[in-house]
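# Structure assessment
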Amino acid sequence: MKLGAVLMASGSGARFGGNKLLCPVDGAPMILRAFEAVPAGLFARACVVSRYPDILALSEARGYLAVPNPDAAQGQSASIRLGLSRLTDLDGVLFCVCDQPWLRRASVERLLADFAAHPGRICALSWKGERGSPAVFPRSLFSQLLALTGDRGGGGIIRAHRDCLRLVEASAPEELQDIDTKPDGK
């Protein structure tokens, strides 16, 4: 089974006050923490989609396919479409935001193992039954992901296919926490 990953790193950081992915959390920039939790080596191919040249350069240096996002203002759907368009030959693709600095590699590996055991299903990280991110989508849903528009992620597709959803418990609740404002990271 060949799996891919799309790390979505195109957000404007408006509530944060700028590109938050270079901001350190617990001593390391958020983007580097994302690379540690979702390393390119776990996948047949992994890409980082970003509007920021410095993020793209860091991505390439760590073995990711760097995908520039000139349409970042369109929202999450642009990142999903751009990243997935490089991975459509794979069996499944993990989508991950890069502002969850406490996400752990062990949880990502459990998520991938669950998908490998249930390849036709959507597998999402969760905490106490509450779905979060990242999530792995099977190839059968790629066309629906590629048809997304606006500031929409895969949540609508998950809701439309609840019968296909498997939740994989994170190791701790903070893994699902994202950073939206500067105080969140302290």
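These notes cover the structure that comes with them.

The rules behind the values
- Residues numbered from 1 in each chain as written.
- Predicted model: local features only at pLDDT ≥ 70, side-chain atom pairs only at ≥ 80, totals over all residues.
- Heavy atoms only, no water.
- Helix = DSSP H or I, 4+ residues; strand = E, 2+ residues; numbered from the N terminus.
- Rg over C-alpha atoms; globule rule 2.2 N^0.38 Å.
- Buried < 20%, exposed > 50% of the residue type's maximum accessible area, 1.4 Å probe, protein only.
- Contact = heavy atoms within 4.5 Å.
- Areas by Shrake-Rupley, 256 points an atom, 1.4 Å probe, with all protein chains shown as cover.
- Lys, Arg positive; Asp, Glu negative; His and termini not counted.
- Charge placed at Lys NZ, Arg CZ, Asp CG, Glu CD.
- Pairing = 2+ DSSP bridges.
- Axes fitted to C-alpha atoms, helices over the stretch in contact; angles between N-to-C directions.

### Here we look at the overall build of the protein chain
The helix and strand tally for the protein chain stands at six helices and nine strands. On C-alpha atoms alone, the protein chain measures out to a radius of gyration of 15 Å, which is about the 16 Å that the 2.2 N^0.38 rule sets for 186 residues. Overall size of the protein chain, expressed as C-alpha extent along the three principal axes, is 40 × 35 × 30 Å. Taken across its 186 residues, the protein chain has 51% of its residues classed as buried. Sequence separation of at least 24 residues holds for 71% of the intrachain contacts in the protein chain that already meet a minimum separation of 6. Carbon together with sulfur atoms contributes 51% to the accessible area of the protein chain, which is approximately 8,300 Å² in total. Distance between charge centroids for the protein chain: 3 Å, based on 22 positive and 19 negative side chains.

### Some words on the sheet that holds strand E1 (residues 3-9)
Read from one edge of the open sheet, seven strands run E5-E4-E1-E6-E8-E7-E9, paired in mixed fashion. Two strands in the sheet have a free side with no partner beyond their single neighbour: strand E5 (65-68) and strand E9 (165-169). Strand-to-strand twist in this sheet, taken as the mean axis angle between neighbours without regard to direction, amounts to 25°. Note: E1 against strand E6 (residues 92-97), six bridges, orientation parallel. Of the residues in E6, the one forming a bridge with Leu-7 is Cys-96. The strands touched by helix H2 (residues 53-61) are E1, strand E4 (45-50) and E5; relative to E4, the strand with the most contacts, the crossing angle is about 170°.

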